[in-house]
Amino acid sequence: MKSYILLENLVFYAHHGVFHQETTVGNVYILNLKIRLDLEAASLSDKLEDTISYADVYEIVKEEMLIPSRLLEHVAGRIVRRLKQQYPQIEKLEVKLSKRNPPIGAQLDCASVIITD
């Protein structure tokens, strides 16, 4: 049974960016995570050990979001690598990381990157 765990619209306040103001003041970031794995055992057993704990995944993402980086690509890549290392049962992983109101001189909601592994 190929299934997905989704964590949608996780909101963080962090200090990522190329410009000094971004790393000093910080900004709002929105993260979406899509994890593909076999959930058949969990669907039959109703046991946490047969799946991946959403709370544990969130803690890993939160820890990585607290580490300042210049690029969204770097943050998202770290999250992908750490989750894949922690949970070898992950078959595919997609991280979408968005920065609210990026300082690019344009009217837009977010600038985003998507990294898939």
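Above: the structure in question.
Residues numbered from 1 in each chain as written. Predicted model: local features only at pLDDT ≥ 70, side-chain atom pairs only at ≥ 80, totals over all residues. Heavy atoms only, no water.

Visitor: Quick rundown of the nonpolar core? Include the residues and the values.
Guide: With 28 residues, the main nonpolar core has Leu31, Leu33, Met65 and Leu83 as its most contacted residues. Elements that contribute at least two residues to this core include exactly β1 (2–14), β2 (27–38), α3 (54–65), α4 (72–86) and β3 (92–100). Apart from residues lying up to four places away in sequence, Met65 is in contact with Phe12, Ala14, His16, Tyr29, Leu31, Val75, Ile79 and Leu97. (Core = buried A, V, L, I, M, F, W, Y, C linked by side-chain atoms within 4.5 Å. Buried < 20%, exposed > 50% of the residue type's maximum accessible area, 1.4 Å probe, protein only. Helix = DSSP H or I, 4+ residues; strand = E, 2+ residues; numbered from the N terminus. Contact = heavy atoms within 4.5 Å.)

Visitor: Tell me about the environment of Asn32, residues and numbers included.
Guide: Among the structural elements, Asn32 can be located in strand β2. Considered as a pair, Asn32 and Ile52 are 20 residues apart in the sequence and their alpha carbons are 16 Å apart. Setting aside residues no more than four positions away along its own chain, Asn32 makes contact with Leu7, Glu8, Asn9, Glu94, Val95 and Lys96. Here the side chain of Asn32 touches Asn9 through a polar contact of 2.8 Å, landing on its backbone nitrogen. (Polar contact = N/O pair within 3.5 Å; in protein donor to acceptor, adjacent residues only side chain to side chain.)

Visitor: For the pattern of salt bridges, give the residues involved together with the corresponding values.
Guide: Summed over the entire model, instances satisfying the criterion amount to 5 salt bridges. The salt bridge partner of Glu22 is Lys99, with a shortest N-O separation of 2.4 Å. One end of the pair, Glu22, is in helix α1 (residues 20–25); the other, Lys99, is in strand β3, and 77 residues separate them in sequence. Accessibility classification places Glu22 together with Lys99 in one group, the buried group. (Salt bridge = Lys/Arg side-chain N within 4 Å of Asp/Glu carboxyl O.)

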